[in-house]
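Observations on the three-dimensional arrangement
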Amino acid sequence: MRAYTPETITDAVIEQMSSTTDPRLKEIMACAVRHLHAFAREVNLTPAEWIKGIEFMTKVGQMCTPARQEFILLSDTIGLSALVNIMHDKTKVEAATSASLLGPFFRENTPKFAPGEQIAKQADGAEIVLFGRIVSAKGEPLAGAQVTVWQTAADGRYDIQTDASTMDCRGIFSTDHEGNYLVRTVRPLGYYIPLDGPVGGLVQAQRRHGMRPAHIHFLISAPGYRELTTALYIAGDDHLEDDVVFGASGDLVAEIKAGDPACPISGLPSIRFDFSLSRESMADKLGGRVGADPGQITAGDVSTAKPYGGAPADMAAEAAGKKGILSGLFRSR
Ligand SMILES: [Fe+2]
């Protein structure tokens, strides 16, 4: 019998897995084993550290519910989601608006709204308007494109974090014959990623601030065009440069302007942003999304899911002092 060494064990595992019939599964697992073994050798991983890692991943799994995806959060905070998103974005067949993370707060079966209708039905906050056009890479208007938006309420939390049985601050709009979309909402706030679970514990152990800059998510689709998952990041936010999930990028920063004469709803501050979509390739049909409705991954009754916990008091107080984070609360519309 051969005796394995730290150097020979890797090839032995890959050799045993070489009977895998699915070629992509074979490639991914062989590469994963090579990199995992190299990682263990590089850090000289001890048994105690190995079991700590197992315990951590177990807690991440146990934290997942139909309203919460702790694994997506883990992937987001170590930049893996951003990496997959950036690589995927480079495969578009035409130059178009860049993609951003779908994140762990997207929900399927979002209600439909008429153009200009307010999506914040329960949340309080300062009203803003989002408007612009959905166009092809050549600038042709895309009529009837579906524009899904979702964002935090003015307290910096998504509906799913406070009460998963209701939907608020999210909706689906359609473009008119000239490709125009028009959304009425409230100003989003920068927010802490959920810090009450194992991923939050890791982020705090790393002394990271744990915040995302204020943003509004968009998922835009039109027949024959590649689905665009993106977000607009609000200009002036303190965390545009150090987003805890590495999602913000300069070309997606948008300014909230007062009194823009082009805004179809007068008297309200507004963001004007045109999105362009690339034509869809065969590969796009299989590309998928970097994120999902948590309910698609963990089955169960979403309405009975527990609310997310808040940020630790000391972190919340520090951010409030720095950013005036609570100043968006309780402003009347
Ligand atoms: Fe978000």
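So, here's what we can say about the structure.

Rules used throughout
- Residues numbered from 1 in each chain as written.
- Predicted model: local features only at pLDDT ≥ 70, side-chain atom pairs only at ≥ 80, totals over all residues.
- Heavy atoms only, no water.
- Helix = DSSP H or I, 4+ residues; strand = E, 2+ residues; numbered from the N terminus.
- Rg over C-alpha atoms; globule rule 2.2 N^0.38 Å.
- Buried < 20%, exposed > 50% of the residue type's maximum accessible area, 1.4 Å probe, protein only.
- Donors = N, O, S within 2.8 Å, 3.2 Å for Na, K, Ca; no water.
- Tetrahedral: all angles 85-135°; square planar, octahedral: opposite > 155°, others 65-115°.
- Contact = heavy atoms within 4.5 Å.
- Core = buried A, V, L, I, M, F, W, Y, C linked by side-chain atoms within 4.5 Å.
- Pairing = 2+ DSSP bridges.
- Phe/Tyr/Trp six-rings, centres within 6.5 Å; stacked < 30°, edge-to-face > 60°.
- 1 Å grid on protein atoms, 1.4 Å probe; cavity = no way out; pocket = protein on both sides within 12 Å on 5 of 7 lines; lining within 4 Å.
- Points joined across faces, edges and corners; volume = space filled by probe spheres on them.
- Nonpolar A, V, L, I, M, F, W, Y, C, P; charged D, E, K, R; others polar.
- Salt bridge = Lys/Arg side-chain N within 4 Å of Asp/Glu carboxyl O.
- Axes fitted to C-alpha atoms, helices over the stretch in contact; angles between N-to-C directions.
- Parallel < 35°, antiparallel > 145°, perpendicular 65-115°, else oblique.
- Left-handed = near helix turned anticlockwise from the far one by under 90°.

1. Let's talk about the overall build of the protein
For the protein, the helix and strand inventory stands at 10 helices and 11 strands. In terms of C-alpha radius of gyration, the protein reaches 22 Å, essentially the compact-globule figure of 20 Å for 333 residues. Taken along the three principal axes of its C-alpha coordinates, the protein extends 80 × 50 × 35 Å. Expressed as a percentage of the 333 residues in the protein, the buried residues total 44%.

2. With respect to the coordination of the iron ion
Ideal values differ by geometry: the angle at a metal is 109.5 degrees with four tetrahedral donors, but 90 or 180 degrees with six octahedral donors. Binding of the iron ion to the protein goes through Tyr158 (OH), Tyr191 (OH), His215 (NE2) and His217 (NE2), at separations of 1.9 to 2.2 Å. For the iron ion, the four donor atoms in the first shell make angles of 91 to 163 degrees at the metal, so the coordination geometry reads as irregular.

3. A word on helix α1 (residues 9-16)
What α1 keeps buried is the set Thr10, Ala12 and Ile14. Turning to α1, the residues buried within the fold contact α2 (23-43).

4. Looking at the nonpolar core
By size, the foremost hydrophobic cluster in this structure holds 31 residues, and its most contacted members are Ile134, Tyr181, Phe218, Ile271 and Phe275. For this core, the secondary structure elements donating two or more residues are β1 (127-136), β2 (146-150), β4 (180-186), β7 (215-221), β8 (228-234) and β11 (275-277). Considering each element in turn, this core owes the most residues, five residues, to β8. Not counting residues within four places of it along the chain, the set of residues in contact with Ile134 comprises Glu140, Pro141, Leu142, Ala145, Val147, Thr175, Gly179, Tyr181, Ile220, Phe275 and Leu277. Ranked by size, the runner-up nonpolar core spans 13 residues in total, among them Val60, Leu195, Val199 and Val245.

5. As for the environment of Ala316
Note that Ala316 resides in helix α10 (residues 313-323). Sequence spacing of Ala316 and Tyr191 is 125 residues, and the spatial spacing of their C-alpha atoms is 9.9 Å.

6. Considerations on the pairing of β1
The buried fraction of β1 amounts to nine of the 10 residues, a majority that puts the element mostly inside the structure. Of the strand pairs in this sheet, β1 and β4 are connected by seven bridges, and their pairing is antiparallel. The residue bridging Val129 from the neighbouring strand is Arg184, located in β4. Summarising the sheet, β1 and strand β10 (residues 270-272) pair through three bridges and their orientation is parallel.

7. Section: the packing of aromatic side chains
Considering all chains together, one arrives at 10 aromatic pairs under this definition. Between Phe105 and Tyr191, the aromatic rings sit 6.1 Å apart at their centres with planes inclined by 75 degrees, giving edge-to-face as the arrangement. Here Phe105, found in the loop between α5 (80-89) and β1, pairs with Tyr191, found in strand β5 (residues 191-192); they are 86 residues apart in sequence, far enough to count as distant. Accessibility expressed as a relative area gives 3% for Phe105, which makes it buried.

8. Thoughts on empty space enclosed by the protein
Empty space among the atoms can be located by rolling a probe the size of a water molecule over them. This model, assessed by the stated rule, comprises two cavities of 30 Å³ or more. By volume, the largest cavity is sized at about 80 Å³. What lines the largest cavity is Leu73, Asp76, Leu101, Gly103, Pro104, Phe105, Tyr191, Ile193, Arg212, His217 and Val245. Space inside the second largest cavity adds up to approximately 30 Å³. Considering only residue class, the lining of the second largest cavity consists of five nonpolar, one polar and two charged.

9. Details of the pattern of salt bridges
Under the definition given, this model contains 14 salt bridges. Residues Lys121 and Glu117 are paired through a salt bridge, measuring 3.6 Å at the closest nitrogen-oxygen approach. Where Glu127 meets Arg184, a salt bridge forms, and the shortest distance between an N and an O atom there is 2.8 Å. Within this pair, whereas Glu127 is found in strand β1, its partner Arg184 is found in strand β4, the two being separated by 57 residues in sequence. Salt bridges linked by common partners bring Arg68, Glu70 and Asp196 together as one network.

10. Focus: the packing of α1 against α2
Interaxial distance between α1 and α2 falls to 10 Å at its minimum, and their mutual angle equals 160 degrees. Judged by the inter-axis angle, α1 sits roughly antiparallel to α2. The chirality of how α1 crosses α2 is right-handed. Contacts from Ile9, Thr10, Val13 and Ile14 in α1 reach Ala30, Val33, Arg34, His37 and Arg41 in α2. Grouping the constituent residues of the contact of α1 with α2 by class yields five nonpolar, two polar and two charged.

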